[in-house]
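# Structural overview for review
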Amino acid sequence: MTVEQNVLQQHSQKHQQTLLNQLREVTGTTDVQLLQQALQVSNGDLAEAVAFLTEKNAKVPQQDEATYYQTTQVGNDRYISVGSQADTNVIDLTGDDKDDLQRAIALSLEESSRAFRETGITDEEQAISRVLEASIAENKASLKRTHTEVWSDSPNPHDRKRMENCPVGLKNVGNTCWFSAVIQSLFNLLEFQRLVLYYSPPARVQDLPRNQKEHRNLPFMQELRNLFSLMVGSKRKYVDPSRAVEILKDAFKSSESQQQDVSEFTHKLLDWLEDAFQMKAEEDREGEKPKNPMVELFYGRFQAVGVLEGKKFENTEMFGQYPLQVNGFKDLHECLEAAMIEGEIESLHSSAENSAKSGQEHWFTELPPVLTFELSRFEFNQALGRPEKIHNKLEFPSMLYMDRYMDRNREITRIKREEIRRLKEQLTLLQQRLERYLSYGSGPKRFPLADVLQYAMEFASSKPVCTSPLEDIDTSAPPGGTTGTAEQGPSCTLPEGLSPAPTQAPSTQQRVPIHKPFTQSRLPPDLPMHPAPRHITEEELRVLEGCLHRWRSEVENDTHDLQGSISRIHRTIELMYSDKSMMQVPFRLHAVLVHEGQANAGHYWAYIYDPHQQRWMKYNDISVTKSSWEELVRDSFGGYRNASAYCLMYINDKKPFLIEEEFDKETGQMLSGLDKLPSDLKAYVKEDNGLFDKEIEEWDTLQARKAQQEKLSPVHQTAGVRTRGPQQDPEYMEQPSPTDDSKHLQEDTERAISKAAAEKQEERSPEGLLTAAIKVEYTRLLRFAQEDTAPENDYRLQHVIVYFIHNQAPKKILERTLLMQFADRNLSFDERCKSIMKVARAKLDLVKPEEVNMEEYEMWHQDYRNFRETTIFLMIGLELFQKKCFVEALMYLIYSYQYNRELLVKGLYRGHNDELIGHYRRECLLKLNENAAGMFESGEEPEVCNGLSIMNELVVPCIPLLLVHDTEKDLLAVEDMRNRWCSYLGQEMEPNLQEKLTDFLPKLLDCSTEIKSFHDPPKLPTYSTLELVERYGRVMASLSRVPADGR
């Protein structure tokens, strides 16, 4: 057999095995023969194979042990996954011939292998290619027809410019977040990065037989090199991977099973890389066994040690990604322990040859430098006929010691496992005993025994107080309408053995009162006021209290001893592998790939550790942000939200070359940026950077031209607020003609002048009156600033000086602002006011530039204009919200929150209560989400389109605004919105609705905090100060009359 044929056969076997693994995982069927039959019937189509197995609707027969253990005795040691058949050269331990079905499968595989040798690609892969081509075309079409203004790149190239030394993101080119997560994890393995960047195709490539596979692999390697080079040296914040994705399209499946998409994609990616490097390795090492760097980096070996009906066997198998089941386990070690042991293994440790028990163990003989665990978080629900995600919590460590799973530690691990098994048996017994103490009783309700004894002691020591039957009876109206009287006795405590003296028998006209619990409100004759013993002697009480005290003390001691024993056993188990001899194979967590959503749809991102900065980074498509171990735990362990890890990538901590940077051999300095690239890629990146620089230059020129045109324009207004130059006076200080605002301010000024003149009757000069009037006005405003008022009485809106005092503006700013108030040309009530106005204007003219920083003065007044503008946004948004006009209210609340946060950055009193604005912003989005979901549920085409339009145009673009600050209430709101839509995945609906939902969910589940192109702020009307104060006060007062949650 030629080298070419051998490689092709191995690849065909690996692909067949991959399909078997996926089919087993999706359907839960473990019968290898049944799985192979399903693949044969479906001609390799995974979806049809699943349908074949589920439509049988019969109990899957128990797997034949002989058949199962034949799968472990393989002649070929190249495996992608664990414990499954990948070769037809099987050692038959039972000596039985293969049945007809096995022979038919062998013929089918041979036919499939022949087709593969002719084309280099399997029928199943060709079918996948056709499906994905249609899927990519549909994605492109849907992106064109759905709101590109939200999902397109920002037109401003400065928004897309990479910050210095910040990692480069990857653009999501249509439901390809899984591609970004996997590629970023591999790219940040610097050894892998170097291998890809410095890959060169075989020099004799034109002499090699060029089948379709080779036509695919070499162009893909070049596109991957190009992509990696841009991720190293680009000036862009993120780059477009479309060309590499286009070549990879036949590695994907349909969008119905994203978990399998990613698993198979990673398998195929490594396969393609392995094939590409194999071609190069065979050329470089002719005559010797070639070494493939991809195999050496990602593939390891384990020893399968098995027993079948007393017969022992061992064989070596190869693995890449190691699959682990999640369901039923609490941490990674429990998953590994379960994966390493299959079946009954007692006979492995004994010499009995006639044992009927069978089982096998896996022991790693060689671990790869990059150890990848594939966490199976999806299972097929046979009853519902669809896959479901497992949200169980699964913990994993940042440092994983693999010593206990190594073949060289086989014997000591077996001893420790046996000890742990024995300790767990003790633990189970102790926990059962403890449970009897903590849940005591024979009825449905159980209580701690110590508490039961305490309650009994409290009951016994209670005073036996009884109540007379006549205490609560109104003697003027006896029960039953009787007129007779009865002897009334006081409340009494009766001594032991005594009873009340008999009373006179009633006359024939009198009737004995009968207790009627539903018609009378009095107590029965012998009912005590509270639970207490009726008859108990001092001696009985003393004996009982002594017993109960002693019993309770004994129970508490027993409980404490049991809890202590349980804690010690737990601690012993935890420390079982903590000695140094079992901590010699350390693997550090390098990357965690996370999936959020359900089985049918979701979003992927990655947490990757930066060893040089010693911190975790979050790679979420185009967004790359700093993160923490705490955030990783929250999103990756599962059980908290719909997010959980599906792949863990560990690297050997004793092989630093995996993550070491390169250094210049001459200067000894670390290589960075373009210096890390070979010459051809350096030229490629320089060309792309040149195009980006040109784009920035053209943008800057365009903006400069627009700015020049705006300067030449006589009047320029933005969002209803007049823009003024630095020498112009604020509109709330002076108006060119009398308006409500100027009249209001004029009246305040004239009152201050009148009050100042009245305080001193003798004639004053205009200059003296101006000084006194300014002092009067400042005193009035200072009093307002010092008052503790309700939100509806915000004096900051009434006068700019109050705002300045709250925010500790400089004295010079306050003085000039007050002087401007008294210099108003409309101040012409009488000659006295006119003269004061003239003096004020003269003083303004005399102020030297160095005395008042006009830029600072204008900045303070601009902040106040921004405060008023934010108030108007908030006021209108709240008014619309109360009218249930949620669509119209949203943008006002969104912009009020954004502008308010910008103000609060400068000081606590620069803006409004951000929690209040955040609450109504959040509630408005929840209301819109609820309304849109209701429209979708109606199933009517116009309503469905309107609902999805609300989500795409309003809700989805706002979700990054809720995620960016990571507040708990906002995160829960986003989770509620996503859960509402994810809940539809398990419901039956029309195909057109399913298609719309599948297209929409990835946008909703995108966890990126990158703010896309957004709607412009609404145009604001102009309000006078009196109008603004009155309307704002009215809406704020109405808020104080509703519950705290706004509902």
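Owing to the predicted nature of the structure, the values given are computational and were not obtained by experimental measurement.

The secondary structure content of the chain amounts to 31 helices and 18 strands. Relative to its 1047 residues, the chain shows a buried fraction of 48%. Looking at the chain alone, contacts between residues at least 24 apart form 73% of all its contacts between residues at least 6 apart. As displayed, the chain has an accessible area near 53000 Å², and 51% of this comes from carbon and sulfur atoms.

Right, let's get into the UniProt feature "coiled-coil region" (unreviewed entry) in the chain. Mapped onto this structure's residue numbering, the UniProt feature "coiled-coil region" (unreviewed entry) falls at residues 413-440. Helix makes up 93% of residues 413-440 and strand 0%. Its end C-alpha atoms lie 40 Å apart.

With that out of the way, let us pick up the nonpolar core. In a soluble, globular protein the nonpolar side chains are often hidden away together inside. Grouped together as the largest cluster of nonpolar side chains are 97 residues, with contacts concentrated most on Phe 804, Phe 822, Leu 890 and Trp 981. What Phe 804 contacts, discounting residues up to four positions off in sequence, is Ala 809, Ile 813, Leu 814, Thr 817, Trp 860 and His 861. Residues Leu 218, Val 232, Leu 273 and Ile 659 belong to the second largest nonpolar core, which totals 61 residues.

Turning our eyes to something else, we now look at the pattern of salt bridges. Oppositely charged side chains can pair when the atoms bearing their charge come close. Summed over all chains, the structure comprises 37 salt bridges. Its salt-bridge partner being Glu 879, residue Arg 1031 comes within 2.5 Å of it at the nearest N-O pair. Note that Arg 1031 is positioned in helix H31 (residues 1025-1039) and Glu 879 in helix H25 (residues 854-882), a separation of 152 residues in sequence. Assessed through its relative accessible area of 15%, Glu 879 is described here as buried. For Arg 922, the salt bridge goes to Asp 970, with nearest N and O atoms at 2.8 Å.

Moving on, we get to the packing of aromatic side chains. The full count for this structure, using the stated rule, is 31 aromatic pairs. When the centroid spacing of 6.1 Å and the interplanar angle of 40 degrees are considered together, the rings of Trp 616 and Trp 629 count as tilted. Separated by 13 residues along the polypeptide, Trp 616 in strand E14 (residues 615-620) and Trp 629 in helix H18 (residues 629-636) bring together distant segments of the chain. Taking 5.0 Å as the distance between ring centres and 65 degrees as the angle between the ring planes, the aromatic pair formed by Trp 981 and Phe 1000 counts as edge-to-face. Of the two residues, Trp 981 is situated in helix H29 (residues 968-982) and Phe 1000 in helix H30 (residues 991-1005); the sequence distance between them amounts to 19 residues. A relative accessible area of 0% places Trp 981 in the buried class. Taken together, the ring pairs connect Tyr 803, Phe 804, Trp 860, Tyr 864 and Phe 867 into an aromatic cluster. We note Lys 416 situated over the ring of Tyr 577; from NZ or CZ to the ring centre the distance is 5.9 Å.

The rules we used
Residues numbered from 1 in each chain as written. Predicted model: local features only at pLDDT ≥ 70, side-chain atom pairs only at ≥ 80, totals over all residues. Heavy atoms only, no water. Helix = DSSP H or I, 4+ residues; strand = E, 2+ residues; numbered from the N terminus. Buried < 20%, exposed > 50% of the residue type's maximum accessible area, 1.4 Å probe, protein only. Contact = heavy atoms within 4.5 Å. Areas by Shrake-Rupley, 256 points an atom, 1.4 Å probe, with all protein chains shown as cover. UniProt positions renumbered as here; feature names shortened; annotations may be inferred. Core = buried A, V, L, I, M, F, W, Y, C linked by side-chain atoms within 4.5 Å. Salt bridge = Lys/Arg side-chain N within 4 Å of Asp/Glu carboxyl O. Phe/Tyr/Trp six-rings, centres within 6.5 Å; stacked < 30°, edge-to-face > 60°. Lys NZ or Arg CZ within 6 Å of the ring centre and 35° of its normal.

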